[in-house]
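Structural overview
Each chain, letter by letter, is given below.
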Amino acid sequence: MRIGIIGAGFVGQAIAKLAGANGHEVMISNSRGPDTLFSVRSALGCAAGTAAEAAAFGDIVVFAVPLKAYRSIPAGLLAGKIVIDTNNYYPERDGTIEELDRQQTTTSELLAAHLPQSRVVKAFNAIVMADVAKDGRPSGATDRRALPIAGDDADAKATVARLTGQFGFDVVDAGPLSEGWRFERARPAYCMRLNRAELERMLAATTRDAFVEEGAWRK
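None of these values were measured; they are calculated from a predicted model.

Looking now at the UniProt feature "domain: Pyrroline-5-carboxylate reductase catalytic N-terminal" (unreviewed entry) in the chain. The positions that UniProt labels "domain: Pyrroline-5-carboxylate reductase catalytic N-terminal" (unreviewed entry) are, in the present scheme, residues 2–89. The span residues 2–89 shows a helical share of 30% and a strand share of 24%, and its end C-alpha atoms are spaced 28 Å apart.

A few words on the sheet that holds strand 7 (residues 146–151). Spatial ordering of the open sheet is given by 3-2-1-4-5-6-7-8, a layout of 8 strands whose pairing is mixed. In this open sheet, the two edge strands, each paired with only one partner strand, are strand 3 (47–49) and strand 8 (170–173). If you compare each strand with its neighbour and ignore which way they point, the axes differ by 30 degrees on average. As judged from the 2 bridges shared by strand 6 (residues 119–122) and strand 7, these two strands associate in the antiparallel manner. Opposite V121, over in strand 7, you have G151 as the bridge partner. Across the face of the sheet, helix 6 (residues 107–114) comes into contact with strand 4 (60–63), strand 5 (82–85) and strand 6 while running at roughly 165 degrees to strand 6.

For the rest of this paragraph, the subject is the packing of aromatic side chains. As enumerated under the stated definition, the model contains 2 aromatic pairs in all. Between Y190 and W217 the ring centres are 4.9 Å apart and the planes differ by 85 degrees, which places this aromatic pair in the edge-to-face class. Here Y190 is found in the loop between strand 8 and helix 9 (196–205), whereas its partner W217 is found in the segment after helix 9, with 27 residues between them in sequence. Stacked on the ring of F211, the Lys or Arg R187 has its end atom at 4.0 Å from the ring centre.

With that out of the way, let us pick up the nonpolar core. In this structure, I5, I28, V62, I84, F124 and F167 are the most contacted members of the largest nonpolar core, which totals 34 residues. Top contributing element to this core by residue count: helix 1 (residues 10–21), with 5 residues. Residues L67, V83, I97 and L100 belong to the second largest nonpolar core, which totals 22 residues.

Procedures and definitions
Residues numbered from 1 in each chain as written. Predicted model: local features only at pLDDT ≥ 70, side-chain atom pairs only at ≥ 80, totals over all residues. Heavy atoms only, no water. UniProt positions renumbered as here; feature names shortened; annotations may be inferred. Helix = DSSP H or I, 4+ residues; strand = E, 2+ residues; numbered from the N terminus. Pairing = 2+ DSSP bridges. Axes fitted to C-alpha atoms, helices over the stretch in contact; angles between N-to-C directions. Contact = heavy atoms within 4.5 Å. Phe/Tyr/Trp six-rings, centres within 6.5 Å; stacked < 30°, edge-to-face > 60°. Lys NZ or Arg CZ within 6 Å of the ring centre and 35° of its normal. Core = buried A, V, L, I, M, F, W, Y, C linked by side-chain atoms within 4.5 Å. Buried < 20%, exposed > 50% of the residue type's maximum accessible area, 1.4 Å probe, protein only.

Here is the structure:
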């Protein structure tokens, strides 16, 4: 499968490396242009391009730009694409977003509203990127970690679930994008090492007022 990645920070690079290791063709991009990705491209063994080129390249496009910049990517570039939203809301970086502060919507619903012709799936936001490379396990392993996803398109979620499985993780479907709040930043399941049954229980038990201490997921 061809995977385009918009954003070449920790998230974009971690997913690019894992996708390449699993036999996928990858093109990574950033806002400054492919010339600035010469070392990254060599280190990851992938192609580099502009955001438009990565969007056109990918059967799946990983959206790994900061939340504050999500509107900077023209919607037309991603029309008809499966888009993996990896984002989390950091007010100190993204500024205040009142709809999120009031829990009126989710980060992925904001992106989906900007990309009405795309099939957005929330995934890979609830794991520390350092763990992406080292926590994957073969299917059936007793210590296999589970990751949550959410989305409104069943086929798109199935595709992202298969990719997640190839990366070495079980998947728990949290439901539509409107349920993505259950594993956003600082929620009880956020970045926790849980198996499928544990994650299912944690997501089901999470309430709107349930938050953990900032940085608890790094301990």
